[in-house]
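Listed below are the residues making up each chain.
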Amino acid sequence: MASIQFKEIRKSYGDVKVVHGISLDIEDGEFIVIVGPSGCGKSTLLRMVAGLEPITSGELRIGDRVVNRLEPKDRDCAMVFQNYALYPHMTVYDNMAYGLKIRGIDKAEIDRRVNEAAEMLQLTGLLERRPRQLSGGQRQRVAMGRAIVREPSVFLFDEPLSNLDAKLRVQTRLQIKRLQERLGTTSLYVTHDQVEAMTLAHRMIVMNGGVAEQVGTPKEVYDDPATMFVAGFIGSPPMNLVRGRVSGDGTRFEANGESVRLPEAVPSLAGRDLVFGIRPEHVTMSPATNGDALGTFRTETVEGLGSEYLVHGAMLGSSVVFRENVDAFVPESGSDCAIDFPAKAVHWFDPETTKRVRP
């Protein structure tokens with residue numbers, strides 16, 4: 001196992017810059033998830049760690065070695081790909097053992113490692129099958145087994161669950177989490193799926209346009225987003241963001257000719273053009289006759305999800321969505337209702353820099 005250190009890591013293809021100065025210290029045994037939309041540079045960053053992409057500038061350390069110029073085989077990393085990359089003519093056992101054989105590992109040691117990994121991944125009864133005889137989830141477990149038997153210092157996962165259906169993604173995600181906890185191997189995991197990021201990560205790197213917009217634990221990133229991008233990307237549904245102005249006395253927020261009263265005045269932000277943010281679950285709805293409410297909301301569509309409702313509509317002239325439990329008040333489509341929210345649930349962002357503003 002090993003720590004990893006990114007020091008101003010950059011990547012360019014000619015004049016096109018795709019990774020803009022990533023700096024981060026990853027502790028030995030930590031599970032880091034790199035999350036972001038397609039094209040944000042997350043897979044490129046992972047491939048630079050693996051040695052599959054040269055680093056344009058900066059320094060990358062794995063353990064106590066600078067690995068910028070080391071070949072992939074010398075970095076002691078094992079990678080699990082999205083497309084499994086199994087040899088179709090080999091059995092499960094041979095697929096898992098092949099990398100060890102070409103490195104000249106003793107046959108008894110190979111047998112020990114393969115059988116231990118197979119038991120871990122519930123593949124013991126499938127060792128004589130070929131990939132075409134396996135389901136998608138089983139193939140992905142074989143790919144993970146092939147990485148495990150190498151006993152590397154670092155695991156690299158490049159969107160390993162993207163080819164699986166929803167149920168298999170949940171099952172395999174749990175297996176990956178349990179596996180990493182059992183082995184304690186430093187891991188970097190790339191995904192565009194925020195649910196995977198939130199459930200797997202010790203810490204997350206939220207990337208946007210080649211920039212690490214925020215690094216933190218899932219709770220830190222969710223509760224205290226550093227930028228509008230993070231606020232709008234993490235969460236399902238994401239945070240509601242409305243651009244407007246804080247009133248001159250700091251007691252109301254105004255947008256599109258409407259306003260809501262703030263639960264606590266923010267005199268330090270009075271008169272400023274800002275973006276008001278609030279997560280769907282932090283708003284409470286009540287009948288429109290509630291005169292003590294902070295504002296009103298026009299309901300457009302209500303989606304029932306069994307255990308909860310998603311209520312879509314308009315607030316301050318902007319489209320928003322709120323989440324309510326089935327036993328709470330839920331307005332009918334096309335009706336008005338009153339809304340309340342606690343002061344600690346309100347987030348403020350600068351519309352120009354997109355960064356968090358604190359009263």
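Note on numbering: residues in each chain are counted from 1, in written sequence order. It should be noted that, the model being predicted, local features are given only for residues of pLDDT at least 70 and side-chain atom pairs only at 80 or more, the latter also being counted only at that level, while totals for whole chains, interfaces and linings use all residues. The basis for every side-chain value is the complete set of non-hydrogen atoms in the structure, without hydrogens or water.

**What about the UniProt feature "domain: ABC transporter" (unreviewed entry) in the protein chain?**
UniProt positions are given in the numbering used here, feature names are shortened, and annotations may be inferred rather than shown by experiment. Summarizing the sequence annotation, UniProt attributes the feature "domain: ABC transporter" (unreviewed entry) to residues 4–234 in the numbering used throughout. Secondary structure counts use DSSP, requiring at least four H or I residues in a row for a helix and at least two E residues in a row for a strand, with both numbered from the N terminus. Note that residues 4–234 is 36% helix and 26% strand, and that its end C-alpha atoms are spaced 25 Å apart.

**Some thoughts on the environment of Gly334**
Locating Gly334 in the fold gives a position in the loop between β18 (318–325) and β19 (336–340). Relative accessible area serves as the criterion here: at 37%, Gly334 is assigned to the partly exposed category. Contact definition: two residues touch when any of their heavy atoms are within 4.5 Å. The residues contacting Gly334, other than those within four sequence positions of it, are Arg298, Thr299 and Glu300. Remark: exposure states derive from per-residue accessible area (1.4 Å probe, protein chains only) relative to the maximum for the residue type, with buried under 20%, exposed over 50%, and partly exposed in between.

**Some details on helix α1 (residues 42–50)**
Across the nine residues that make up α1, a large majority, seven, are buried. Within the sequence span of α1, burial applies to Lys42, Thr44, Leu45, Leu46, Met48, Val49 and Ala50. Looking one or two residues past α1, Gly51 carries a phi angle of roughly 90°, positive in sign.

**Details of the environment of Lys73**
For Lys73, the position within the fold is in the loop between β5 (65–66) and β6 (77–80). Judged by its relative accessible area of 66%, Lys73 falls in the exposed class. In this structure, the C-alpha to C-alpha distance between Lys73 and Gly104, residues 31 residues apart in sequence, is 14 Å. Whenever two N or O atoms come within 3.5 Å, that pair is a polar contact, provided that in protein one can donate a hydrogen and the other can accept it, and provided that, for residues adjacent in sequence, both atoms are side-chain atoms. Among the polar contacts made by the side chain of Lys73, one reaches the side chain of Asp74 at a distance of 3.3 Å.

**Remarks on unusual backbone geometry**
Residues Ser236 and Pro237 are joined by a peptide bond in cis, for which omega reads -5°. Structurally, the position occupied by Pro237 is in the loop between α8 (228–233) and β11 (240–246). Positive phi, close to 55°, is recorded for Asn256, a residue that is not glycine. You can see Asn256 is positioned in the loop between β12 (252–255) and β13 (258–261).

**Things to note about the packing of helix α2 (residues 92–102) against helix α3 (residues 107–120)**
Only the contacting stretch of a helix is used when fitting its axis, a line to C-alpha atoms as for every element, and angles between N-to-C directions run 0 to 180 degrees. Two elements in contact, α2 and α3, have axes whose closest approach is 10 Å; the angle formed by their N-to-C orientations is 135°. Classed by the angle they form, the pair α2 and α3 counts as oblique. Between α2 and α3 lies a crossing of right-handed hand. Contacts between α2 and α3 involve Tyr93, Met96, Ala97, Leu100 and Lys101 from the former and Ile110, Asp111, Arg113, Val114, Ala117 and Ala118 from the latter. Class assignment of the residues belonging to the contact of α2 with α3 gives a composition of eight nonpolar, no polar and three charged. Comment on the angle field: the value is read as roughly parallel under 35 degrees, roughly antiparallel over 145, roughly perpendicular from 65 to 115, and oblique elsewhere. Here a crossing is taken to be left-handed if its near helix is turned anticlockwise relative to the far helix by less than a right angle, and right-handed if that turn runs clockwise. Gly falls in the polar group here, along with every residue not listed as nonpolar (Ala, Val, Leu, Ile, Met, Phe, Trp, Tyr, Cys, Pro) or charged (Asp, Glu, Lys, Arg).

**Topic: a nonpolar patch on the surface**
Each patch is built from residues lacking any salt bridge and having more than 30% relative accessible area; the joining distance is 9 Å for like charges and 5 Å for nonpolar side chains (Val, Leu, Ile, Met, Phe, Trp, Tyr). Only the protein chains shown count as cover for residues, and the accessible areas themselves come from Shrake-Rupley with a 1.4 Å probe. The working definition used for a salt bridge is a side-chain nitrogen of Lys or Arg within 4 Å of a carboxyl oxygen of Asp or Glu. Among the surface-exposed residues, Tyr87, Tyr98 and Ile102 lie close enough to one another that they form a single nonpolar patch of about 290 Å² accessible area. Structurally, Ile102 is set in helix α2.

**Digging into the domain arrangement of the protein chain**
You can read the domains of the protein chain as domain 1 (4–232) and domain 2 (237–357). Computed from C-alpha coordinates alone, the two centres of domain 1 and domain 2 are separated by 39 Å. If you look at the interface, domain 1 gives 10 residues, while domain 2 gives 13 residues. The term buried area refers to how much accessible surface (probe radius 1.4 Å) is lost by two components on association, counted for both of them together. Taken over both partners, the interface formed by domain 1 and domain 2 buries close to 950 Å², and the fraction arising from carbon and sulfur atoms is 56%. Area buried by domain 1 at its contact with domain 2 is led by Tyr222, Met228 and Ala231, which between them contribute 58% of it. If you look at where domain 1 meets domain 2, you find one salt bridge. Close ionic contact of Asp224 with Arg356 constitutes a salt bridge, the shortest N to O distance being 2.4 Å. Where domain 1 packs against domain 2, one counts six residue pairs in polar contact (both at pLDDT 80 or more). Partitioning the side of domain 1 that touches domain 2 into residue classes produces six nonpolar, two polar and two charged. Domain start and stop positions are those given by an automatic or database domain assignment.

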